[in-house]
Amino acid sequence: MTEDAPFGPESVYGETKLMVETMLRWLDKTTSLKSTSLRYFNASGASLDNKIGEDWRITGNLIPLVMKAAVGKTESVKIFGTDYPTPDGTAIRDYIHVVDLATAHVQALESLAKTNQSTAYNLGTGVGSSVKEVVDTAKRISGVDFKVELEPRRAGDPVAIWADSSKAQSELNWKPQYTLEDIVRTAWKWHSTHPNGYTEEQ
Ligand SMILES: O=c1ccn([C@@H]2O[C@H](COP(=O)(O)OP(=O)(O)O[C@H]3O[C@H](CO)[C@@H](O)[C@H](O)[C@H]3O)[C@@H](O)[C@H]2O)c(=O)[nH]1
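Keep in mind it's a predicted model, so treat the numbers as computed, not measured.

Participant: I keep staring at the site of the ligand and nothing clicks. Help me out?
Facilitator: In the vicinity of the ligand lie 16 residues, with Leu62, Lys78, Phe80, Arg93 and Asp157 positioned nearest. Asn42 places a side-chain nitrogen or oxygen 2.9 Å from an oxygen atom of the ligand. Against a free-state accessible area of 690 Å², the protein chains account for coverage of 79% of the ligand. Sorting the residues of the shell around the ligand by element identifies α1 (12-30), α2 (62-70) and β3 (76-80) as the ones contributing at least two each. The dominant element in the shell around the ligand, judged by the number of residues it contributes, is β3, at three residues.

Participant: For this particular structure, what's the right way to read the pattern of salt bridges?
Facilitator: Charged atoms that come close allow side chains of opposite charge to pair. Across all of its chains, the model carries eleven salt bridges by this definition. Between Lys139 and Asp145 there is a salt bridge whose closest N-O contact spans 2.9 Å. By relative accessible area, which is 22% here, Lys139 ends up partly exposed. Taking relative accessible area as the criterion, Asp145 reaches 65% and is therefore assigned exposed. Within the structure, one salt-bridge network assembled from shared partners comprises Glu21, Arg25 and Arg39.

Participant: Looking at this model, I keep getting lost on the packing of aromatic side chains. Mind explaining?
Facilitator: To describe a pair of aromatic rings, one takes the distance between the centres and the angle between the planes. Taken as a whole and judged by the stated rule, the model has one aromatic pair. Geometry around Trp26 places Lys29 over its ring, the cationic atom sitting 4.8 Å from the centre. Positioned over the ring face of Tyr121 is Lys167, at 5.1 Å from the centre of the ring.

What counts and what doesn't
- Residues numbered from 1 in each chain as written.
- Predicted model: local features only at pLDDT ≥ 70, side-chain atom pairs only at ≥ 80, totals over all residues.
- Heavy atoms only, no water.
- Near = heavy atom within 4 Å.
- Polar contact = N/O pair within 3.5 Å; in protein donor to acceptor, adjacent residues only side chain to side chain.
- Areas by Shrake-Rupley, 256 points an atom, 1.4 Å probe, with all protein chains shown as cover.
- Helix = DSSP H or I, 4+ residues; strand = E, 2+ residues; numbered from the N terminus.
- Salt bridge = Lys/Arg side-chain N within 4 Å of Asp/Glu carboxyl O.
- Buried < 20%, exposed > 50% of the residue type's maximum accessible area, 1.4 Å probe, protein only.
- Phe/Tyr/Trp six-rings, centres within 6.5 Å; stacked < 30°, edge-to-face > 60°.
- Lys NZ or Arg CZ within 6 Å of the ring centre and 35° of its normal.

Here it is as structure tokens:
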């Protein structure tokens, strides 16, 4: 997916992101405020120093849910949809490590300071991974064979999305460094050392 793909939000959250971009475009047109919109694909993973991770009381996102199952905080992981037209039947997403996203922010700010031009960038790795691949990677890295339940498709879920981030790569000189393996490895390290999230440290 490139930056100029047609907009078609499929959730309230997606609609709010589009509204913000629309407001930024108006501000660009009618004021001197310039902006860069960074369009994250599936932000995931934990910081490399193991200090910052995903501590959600409630989440619908796959990677923290898989981690909760691997540490034994939940009984199982549900796979939503096994009949998609993909190689293994499960949906495909572009998981991008939070450290790669952080780097992109710095480079985008530096670039905006130089160009003073509003723009938008897709931030993804360009590599799609299926739900099953995420689950299998988490089982292998954690060494825990947690229970998996096969469920019907989740309403509003697209079959496959991954980023074409060549614009960010060429204009910001940004290149994602981390793979799904790194994402799961850092997430597992954080979750296995913080099974109760940040609670113990507060
Ligand atoms: O328990 C789960 C949770 C998710 N999935 C699947 O895993 C994939 C990834 O799901 P998720 O982590 O929820 O991400 P997306 O659905 O791709 O949602 C992304 O994009 C949405 C719309 O912008 C945002 O709301 C989310 O925060 C953002 O992570 C999807 O195919 C889901 O159907 C499962 O099979 N089981």
